[in-house]
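Coordinate analysis (summary)
Below are the chains, spelled out letter by letter.
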Amino acid sequence: MLLNSDHCKLCDNKIVDFSRGTLCALTNERPTFDKTCPSIVLNKETEKQIIDINIEFESTQKEKTNQVSLGIVNMSIGIGIIILSMIITKFIFDKGFISTITLILFGVALVPMGKGIGTLNHYFTRVKIAKEKKQKLDKTLVFYNKSYNINIEHLKDSLGNVDHKVQLQILNQPINFKG
């Protein structure tokens, strides 16, 4: 569901007041329009939001292999330690001894398993947030008969720092009435 403030995030006439929220610079009040704002100005702020949201969306998509692999590897290490713990425990019990090595190894196994689960959870949460932001952006632009073509080139230097080369074209679409 789109809020009026979602429209204002794209407008050059917005004011962000930390106590009152997003305000219109023309009225100095919270937005009260129904469906579309008659005074919206979709220029610099719109371009900035389109670029930022699409970079975030594409970046999370590009990280999928690395993040999922890292999560699976960490969980596999934890499972391997648990299996090793079970083998060692069986060996020790067969010799007639009781040892706390099982509990220690089980505790050690929780570290990589927790790290793996945390990595996957963090990645999938970031994907969900980026996807929701992009969907809201695209839905909001439809109300103003706008669409865009964007080409993002992810540039990485020798130190691993990422920069982006962006080509953006904002298009006006004719209104298509279905009836």
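Below is a short write-up of the structure. Starting from 1, residues in each chain are numbered consecutively following that chain's sequence as written. With pLDDT at 70 or above as the cut-off, local features in this predicted model cover only qualifying residues; side-chain atom pairs require 80 or more to be listed or tallied, and sums for whole chains, interfaces and linings still use all residues. Derived side-chain values reflect all non-hydrogen atoms in the structure, with water molecules and hydrogen atoms excluded from consideration.

A separate point is the overall build of the chain. Numbering goes from the N terminus for both helices and strands, where a helix is a DSSP run of H or I of at least four residues and a strand is a run of E of at least two. In terms of helices and strands, the chain carries four helices and four strands. Reading the secondary structure of the chain in the N-to-C direction produces α-β-β-α-α-α-β-β. Throughout, the radius of gyration refers to the C-alpha atoms, and the reference size of a globule is 2.2 Å times the residue count to the power 0.38. Against the 2.2 N^0.38 benchmark of 16 Å for 179 residues, the chain shows a C-alpha radius of gyration of 26 Å, more extended than a compact globule. Oriented by its inertia axes, the alpha-carbon framework of the chain measures out at about 85 × 40 × 40 Å. Exposed residues in this analysis have more than 50% of their type's maximum accessible area, buried residues have under 20%, and partly exposed residues fall in between, with area computed by a 1.4 Å probe over protein chains only. Across the 179 residues in the chain, those meeting the buried criterion constitute 28%. Only heavy atoms enter the contact rule, under which two residues are in contact if any of them lie within 4.5 Å. In the chain, the share of contacts with a sequence separation of at least 24, taken over all contacts with a separation of at least 6, comes to 67%. For every accessible area listed, the method is Shrake-Rupley and the probe measures 1.4 Å; residues are considered covered only by the protein chains on display. Carbon and sulfur atoms make up 60% of the accessible area of the chain, which amounts to about 12500 Å² in all. Where the 23 positive side-chain charges of the chain centre and where its 17 negative ones centre are 6 Å apart. When charges are tallied, Lys and Arg are placed among the positive residues and Asp and Glu among the negative ones, while His and the ends of the chain are skipped. The location of each charge is read from NZ of Lys, CZ of Arg, CG of Asp or CD of Glu.

Direction of pairing for strand β3 (residues 146-156) relative to strand β4 (residues 162-172): antiparallel, over a ladder of 11 bridges. Directly across from Asn149, in β4, lies its bridge partner Gln169. Should DSSP find at least two bridges between two strands, the strands are taken to pair. With antiparallel pairing between neighbouring strands as the criterion, β3 and β4 make up a hairpin whose turn holds five residues, including Gly160 at a positive phi of roughly 90°.

Looking now at the packing of helix α2 (residues 44-62) against helix α4 (residues 101-143). Here an axis means a line fitted to C-alpha atoms, over the contact stretch when the element is a helix, while the angle between two N-to-C directions is reported on a 0 to 180 degree scale. As a packed pair, α2 and α4 sit with axes 9 Å apart at the nearest point and diverge in direction by 145°. Where α2 crosses over α4, the two elements pack in a sense that is left-handed. Facing Thr46, Gln49, Ile50, Ile53, Asn54, Glu56, Phe57, Thr60 and Gln61 of α2, the residues of α4 in contact are Tyr123, Arg126, Val127, Ile129, Ala130, Lys131, Lys133, Lys134, Leu137 and Leu141. A breakdown of the residues in the contact of α2 with α4 according to their chemical character gives nine nonpolar, five polar and five charged. By convention the crossing between two helices is left-handed if the near helix lies anticlockwise of the far one by an angle smaller than a right angle, and right-handed if it lies clockwise. In this classification, the charged set is Asp, Glu, Lys and Arg, the nonpolar set is Ala, Val, Leu, Ile, Met, Phe, Trp, Tyr, Cys and Pro, and all remaining amino acids, among them Gly, are polar.

This paragraph deals with the layout of surface pockets. Empty space within the largest pocket amounts to approximately 240 Å³. Here the term cavity refers to a set of points on a 1 Å grid, laid over the protein atoms alone, in which a 1.4 Å probe fits but cannot get out; the term pocket refers to an open set having protein on both sides within 12 Å along at least five of seven lines, with lining residues being those that place an atom within 4 Å of a point. Residue lining of the largest pocket: 18 residues in total, with Cys24, Thr27, Pro31, Phe33 and Cys37 positioned closest to the centre. At the level of secondary structure, the elements contributing two or more residues to the lining of the largest pocket comprise α1 (4-8) and β2 (21-24). Of the residues that constitute the lining of the largest pocket, the class distribution is 10 nonpolar, five polar and three charged. Grid points are joined across faces, edges and corners, and a volume is the space filled by probe spheres set on the points.

Once that is clear, we can look at the packing of aromatic side chains. Pairing of aromatic rings covers Phe, Tyr and Trp, the last through its six-membered ring, and needs centres within 6.5 Å; plane angles under 30 degrees mean stacked, over 60 mean edge-to-face, and all others mean tilted. This model, assessed by the stated rule, comprises one aromatic pair. Taken together, a centroid distance of 5.2 Å and an interplanar angle of 65° make the contact between Tyr123 and Phe124 edge-to-face. You can call Tyr123 buried: its relative accessible area is 2%. Looking at Phe124, the relative accessible area reads 45%, which means it is partly exposed. Geometrically, a lysine NZ or arginine CZ counts as sitting over a ring once it is within 6 Å of the ring centre and also within 35 degrees of the ring normal. When the ring centre of Phe57 is taken as reference, the NZ or CZ atom of Lys134 above it lies at 5.8 Å.

At their nearest, the axes of helix α3 (residues 64-94) and α4 sit 8 Å apart, and the two run at 165° to each other. One element, α3, and the other, α4, form an angle in the roughly antiparallel class. The two elements α3 and α4 meet at a crossing, and its hand is left-handed. The residue inventory of the contact of α3 with α4, partitioned by class, reads 20 nonpolar, nine polar and two charged. Every angle not falling under 35 degrees, over 145, or within 65 to 115 is termed oblique; those three ranges are roughly parallel, roughly antiparallel and roughly perpendicular.

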